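# Chain and residue survey
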Amino acid sequence: MCGIVGYIGYRKAQDVILRGLGRLEYRGYDSAGAAILSGKKVKIIKKQGKLKILAAELSDNPIAGTIGIGHTRWATHGVPSDANAHPHSDCAGKIAVVHNGIIENYLDLKRELKKSGHRFISETDTEVIPHLIEKFYKGNLEEAVRNAVKMLKGSYAIAVIHEDEPSKVVGARCDSPLIVGVGKDENFLASDVPAILDYTHNVIYLDNHDIVVITKDGVTVKDMSGRIIRKKPSLINWDISQAEKSGYKHFMLKEIFEQGDVIEKIIDERIRDGRVRFDELKIKDADFKGIKNISIVACGTAYHAGLTGKYMLEEYAKVPCSVDTSSEFRYRNPIVNRDTLVIIVSQSGETADSLAALREAKKKGCRVLGICNVLGSSIAREAHGVIYTHAGPEIAVASTKAYTAQLATFYLITLHLAYIRKTVSAAGLKALIKEFKRCAGLMNDLLSEYKSDYNIIAAYAQEFKKYYHLKHNKSYFLYLARNINYPNALEGALKLKEISYISAEGYPAGEMKHGPIALIDENPWVVCIAAQSKTYDKMLSNIQEIKARGGILIAIVTEGDKEMVHHNVNYTIEIPPVDELFSPLLVVIPLQLMAYYVALEFGHDIDQPRNLAKSVTVE
Ligand code: M6R
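Attention in this report is confined to the structure presented alongside it. (Residues numbered from 1 in each chain as written. Predicted model: local features only at pLDDT ≥ 70, side-chain atom pairs only at ≥ 80, totals over all residues. Heavy atoms only, no water.)

### Some points on the overall build of the protein
Secondary structure summary: the protein contains 17 helices and 26 strands in total. Taking 2.2 N^0.38 as the reference for a compact globule, 619 residues should give roughly 25 Å; the C-alpha atoms of the protein span a radius of gyration of 25 Å, in line with that estimate. Along the longest, intermediate and shortest principal axes, the C-alpha atoms of the protein span 80 × 60 × 40 Å. Looking at the 619 residues of the protein, the share that counts as buried comes to 61%. For the protein, the proportion of contacts with a sequence separation of at least 24, taken over those separated by at least 6, is 72%. Of the roughly 23700 Å² of accessible surface on the protein, 50% is carried by carbon and sulfur atoms. The positive charge centre, built from 79 side chains, and the negative charge centre, built from 74, are 4 Å apart in the protein. (Helix = DSSP H or I, 4+ residues; strand = E, 2+ residues; numbered from the N terminus. Rg over C-alpha atoms; globule rule 2.2 N^0.38 Å. Buried < 20%, exposed > 50% of the residue type's maximum accessible area, 1.4 Å probe, protein only. Contact = heavy atoms within 4.5 Å. Areas by Shrake-Rupley, 256 points an atom, 1.4 Å probe, with all protein chains shown as cover. Lys, Arg positive; Asp, Glu negative; His and termini not counted. Charge placed at Lys NZ, Arg CZ, Asp CG, Glu CD.)

Given below as C-alpha cells:
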C-alpha cells in the first residue's frame, strides 16, 4: 500500500528515486511522484498511472539535485489523479511529504487547518501532514515533524524535505514500515529493502514513533521526546538479483519456478540430525508442550496456508486448532488465553489486520508466534517468537512461493510439536521427514515439465479463452477438493481471480450438493483436485455429478491413475505420487500455473493486477 523512498547523497536524486520506486511498485501503482531539492527550491512532479509515465516525464524534463523523496501510490482517499498523487505540499510550497498509511482523523485536522487559512488542493488524507508541519515549523524541521505526527491518528510512514533545510530528509513511522539504508556519503529511506539494495546492504529497521533525520553523512534516530535511540544496522544477506526477473516474463512465473529450491533450502536449514530446529525462535519447547490449543490467524493466501496447517496439526500433533481471517479474529472476541498459541502468518509481516490481530491476541495473554517472510517486519518484531520462511523476496502481487514456504513451515511446526508432545513415534517421524524431503525434489521434477511456454496448462488456458468467448463471457471457474487439499481449492480460485479477473470459487467438494451444484451447467470449468487420498472415491462421485450436469472438468490426478480414464473428464493434469499429507505442495503448482496462463491469455498485467497491492497496510 504505497511505497516511499528518500535519498540524500551525491547521486542524481531522480535516478535513485525512480530505481527505488521501481522496486516498490508492487506496493501500489496507480500514480507516482517525486520532490527534489533543486537549487534552493523544492520541485515536485507527479503523475497518474504507472511509474513509467513519471520516468518518461523526468527523462524529458530532468530535475537536478541530490536530495529528494518519491512515492508510488495505492489510492485510499481520493481517486488516482495527478492532484491526489504524492508528494503533497504546504501553502508556501516549501515542504514536500510522501506518506504510506491512513490518517484517520484527517477530516478534523483539515477542518481546523482550513479555519486558520491553510489551502488544500487534493482529496487525500496525506495533505494535512505538510500543512501541520508548516504550522509547527519554527526553523527546525525535525521538531516540526515531531509535533505534526503527534497530531495524527492512524498509520504513517513519511519522508519530508523542506527547502529551508536543504541538507536533510526527515522520516517518521507508526504502523507502516520504514527502513533506513546506511551508505557511505549517502543515506536512504524506504518502505522496503529492495528499494535500496543497489546501493547498500546495511539497514536500520525503524520502530513505531521513531523520528529519523538522514543527512549525507549521518543517521540520527530519536524518540517522540527527542531522546537519541542508538540502532545498529543489520546486514542484508540477499542480493538484488533475487528481486529481478532473471529472464522470466513475469515475477510470478519466476517465483512459481523457485518453489522447489525454496522448499529444499527450508528443509536443509531446519532439519538437522533428524529433528526440526528453529534457531531464531524464542518460544521454548516447554511452552509448546503446555499449549492446549492453537489459533491460526492470517489474510488471503496466508490464511489458506493456515487452513492447511490446521489439517496437519490436528492430525499429527493432536492439538485442537482454529483458523480465522485476521479481520474477523480481531473483532469477534475469540476465546483464547494463555494456554493458546496464536500463530500469525504473513508474507510481508506488515498486513494491518494481521498486526492488529496479533496485538489483540497479546492483550488476551496468548503466546504469539509469527510466520513471516520479510525480515525485521512489524509482525516479526512484535510476536513473542518468529519463524522466518526464508522464501526470498516475493515481488509479484499474487503470492506463490511465500505460500508453499508457509506450508513448509507448518509441516515443520507439526513435526516439531509431534516430537515434543510425542504424538508420533520416532519411526513415524523419521518416515515423515523422509517423505517431506522427497516431496521437495518432486516439486522440482514437476516444475521441469512446465519449463517451456508450450505446456499442457498453457494449452488448457488457450482452450478456456476460446470457450469463454464462445459462451459469451459467461464461463468461470470452480475449484473442488476435500480434506487437506480443500484450502488449495480456495487458493486456486484466489490466484485465478486476482490476476485474470474471472470469477472463481473454491469449495469443499462435499458441500456441492448443499447449494453450489445449482450453478453447474455447461458454463463453469470445474477443477477437481483428485490426487490419491483417502477421499479419492468421494471425489470420483463428485466428478460424476458435475459431468452429469454438463460442467467442463479438469482433474488433477496422481500419475499412474488408472481410474480417471473411465470418468470422461475433459482435461487431466498429473502430479507425482506422494503421501497425501504433503500433496498440497505439489497440487498447488498446476493451480498457480493455470491462473498464470489464463491471465496471460487475456493479456492482463500479471505482476500488478488492478486494485491490489502486495502489502496491505490499511484495514
Ligand atoms: O503479506 P501477507 O501474507 O500478510 O498478505 C496477505 C494477503 O494480502 C495476501 O496473501 C494476498 O491475498 C495475496 N495477494 C494473494 O495472492
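Now that the structure has been shown, we can carry on.
### Points about the site of the ligand
Close contacts around the ligand come from 15 residues, with S346, Q347, S348, T351 and E498 the closest. Within the side chain of S348, one N or O atom sits 2.7 Å away from an oxygen atom of the ligand. In this structure, T351 approaches the ligand through a side-chain N or O atom, which is 2.4 Å from an oxygen atom. The fraction of the free accessible surface of the ligand (420 Å²) that becomes covered by protein chains is 91%. (Near = heavy atom within 4 Å. Polar contact = N/O pair within 3.5 Å; in protein donor to acceptor, adjacent residues only side chain to side chain.)

### Re the pairing of strand 7 (residues 154–162)
Of all nine residues in strand 7, eight are buried, a share of seventy percent or more. As judged from the nine bridges shared by strand 6 (residues 95–103) and strand 7, these two strands associate in the antiparallel manner. Its bridge partner being in strand 7, V98 is matched across the sheet by A159. The pairing of strand 7 with strand 8 (residues 169–174) spans four bridges and is antiparallel. Bridge pairing in strand 8 places V160 opposite V170. Between the antiparallel neighbours strand 7 and strand 8 lie six residues. (Pairing = 2+ DSSP bridges.)

### Describing the side chain of H304
Here H304 lies in helix 8 (residues 300–317). Judged by its relative accessible area of 8%, H304 is buried. If near-sequence neighbours (up to four positions away) are discounted, H304 is found in contact with Y403, P487, L490, E491 and L494.

### Structural notes on the pairing of strand 17 (residues 293–298)
With respect to burial, strand 17 is a largely interior element, five of its six residues being buried. When strand 17 meets strand 19 (residues 340–346), the two strands line up parallel, connected through six bridges. Counterpart to V297 in the pairing with strand 19 is I344. Where strand 17 lies against strand 18 (residues 321–325), five bridges are found, and the strand directions are parallel. When the sheet's bridge partners are listed, I294 is paired in strand 18 with C321. Remark: the strand 17/helix 8/strand 18 crossover connection has right-handed handedness. (Right-handed = clockwise from strand over helix to strand, strands pointing away.)

### Regarding the nonpolar core
Formed by 162 residues in total, the largest nonpolar core has its most connected members in I263, I294, I343, F436, F477 and Y479. Residue contributions to this core peak at 13 residues, all from helix 17 (residues 583–601). If we skip the residues at most four places from it in the chain, Y479 touches A489, G492, A493, L496, A504, E505, G506, Y507, V527, L591 and M594. Counting residues in each nonpolar core, the second largest holds 27 residues, with V97, F120, L132 and I211 among its members. (Core = buried A, V, L, I, M, F, W, Y, C linked by side-chain atoms within 4.5 Å.)

### Structural notes on the sheet that holds strand 10 (residues 187–190)
In spatial order, the strands read 3-2-4-1-10-9-11-14; together these eight strands make up an open sheet with antiparallel pairing. The outermost strands of the open sheet, each flanked by one partner alone, are strand 3 (41–48) and strand 14 (234–235). Bridge analysis of strand 2 (residues 31–38) against strand 3 gives eight bridges, and the strand direction is antiparallel. The residue of strand 3 that forms the bridge with S38 is K41. Where helix 2 (residues 51–60) meets the sheet, its contacts fall on strand 2 and strand 3, and the angle it forms with strand 3 comes to roughly 135 degrees. (Axes fitted to C-alpha atoms, helices over the stretch in contact; angles between N-to-C directions.)

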